[in-house]
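Coordinates in review
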Amino acid sequence: MAPSRAVRDAEEEPADGGKKRGSSAGGAKSRPAAGRKRSTAAGGRKKSGAAGARKKSGAAGARKTTRPATRRKRSATKEKRIRHATAGSPLSVLLVSVGVLVAMGVIALAGWLLTFPLDDFRYSSGLSGTQGTFTAVRCHATGSGKDGSRVCTGTFVPAKGGSVDSSARVRDARIEVGKPVTVRRKTDGGYVRPGAANAGTNLATAFGIVALAAFLLVVLCVAPKNIKVGGLKRLRQNPPPWGTLLSIFVPLFGASLVLAALSALLGHLLALIF
């Protein structure tokens, strides 16, 4: 007998239900795989984003570090171009020539002026000259104010014998009439009273002349453009010959001022003591 319709339907149902369950199970299995694919893709995007951010930050840092270097290079090349453009121009040659002539004049004038205080220092310190005594007969003041001085006329008698000068003139405010004082006769016939005060004054005058000459030479060296002023290291960075000259004249100026002040102060202190 042929099976009934109800039996056939019952037999066909497991097959259809199995297929459906199998498809639902396969869908459930495919969903985690899709999730893994999505997470992998998201991780890849994150890694690529981080790598891109690192690349961008590295490029930005490189630009930041290279910008100051390129600016320095540009400024250096610009300065070189300006120097090369003005180095051989007639105006620059004329200015350099005038500066050299003025510097030579300053040095020559300072050397000539130095002979006066240094010559007096030889006699005021007792190193040179004929020693003797001077007795003033009369004294009179010349000039007025700070420029005024006291000149005394009298007789000079050498200590070790020799010609007596009855018309000797000595310029010193501390000389009293009729009171003998020790003096030194110079080779030119002048007289200098030896002592610490006069020797200190002569040295201070000599150092003052050197300081003034050094200051004028510093001004001449600073006159050109693009010359830097500061410490010794900064001065030596200037182009030659200005760097070398400034590193010599600036310390010379400062040392001369200090020595001039110390010489005058020490001379007066020794005069008070002795």
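Quick summary incoming for the structure in this document. Within each chain, residues carry numbers counting from 1 in the order of the written sequence. Given that the model is predicted, a residue must reach a pLDDT of at least 70 before its local features are reported, and side-chain atom pairs must reach 80 or more before they are shown or counted; all residues, however, enter totals for whole chains, interfaces and linings. With hydrogens and water stripped out, all remaining heavy atoms of the structure feed into the side-chain values.

What follows is about the sheet that holds strand E4 (residues 181–185). Read across the open sheet, the five strands follow the order E3-E2-E1-E4-E5; overall the sheet is antiparallel. Each end of this open sheet is capped by a strand with a single partner; those strands are strand E3 (165–171) and strand E5 (191–192). When E4 meets E5, the two strands line up antiparallel, connected through two bridges. Each residue of the ladder has a partner; that of Arg184, found in E5, is Val192. In this scheme, strands are said to pair when DSSP sees at least two bridges between them. Here a strand is any run of E in DSSP of at least two residues, a helix any run of H or I of at least four, and the numbering for each starts at the N terminus.

Whether two aromatic rings pair depends on their centres lying within 6.5 Å, for rings of Phe, Tyr and Trp, where Trp uses its six-membered ring; planes under 30 degrees apart make the pair stacked, over 60 edge-to-face, and the rest tilted. Under the definition given, this model contains three aromatic pairs. Relative to Phe116, the ring of Trp112 lies with its centre 5.2 Å away and its plane at 85°, an arrangement referred to as edge-to-face. Here the residue Trp112 and the residue Phe116 both occupy positions in helix H2 (residues 90–124), the gap between them amounting to four residues, near one helical turn.

This part takes up a nonpolar patch on the surface. Together, Val96, Val100, Leu101 and Met104 line one region of the surface with nonpolar side chains, adding up to about 390 Å² of accessible area. Relative to the elements of secondary structure, Val96 occurs in helix H2. Each patch groups residues whose relative accessible area exceeds 30% and which form no salt bridge, using 9 Å between like charges and 5 Å between nonpolar side chains of Val, Leu, Ile, Met, Phe, Trp and Tyr. Using the Shrake-Rupley algorithm and a 1.4 Å probe, accessible areas are obtained, with residue cover drawn only from the displayed protein chains. Only one rule defines a salt bridge in this text: a Lys or Arg side-chain nitrogen within 4 Å of an Asp or Glu carboxyl oxygen.

On to the pairing of strand E2 (residues 149–158). Side-chain positions along a regular strand alternate between the two faces of the sheet. Pairing analysis gives 10 bridges linking strand E1 (residues 130–142) to E2, with the strands arranged antiparallel. Paired with Gly132 across the two strands is Pro158, which belongs to E2. Between E2 and the antiparallel strand that follows it, E3, lie six residues; Gly161 among them carries a positive phi value of about 85°.

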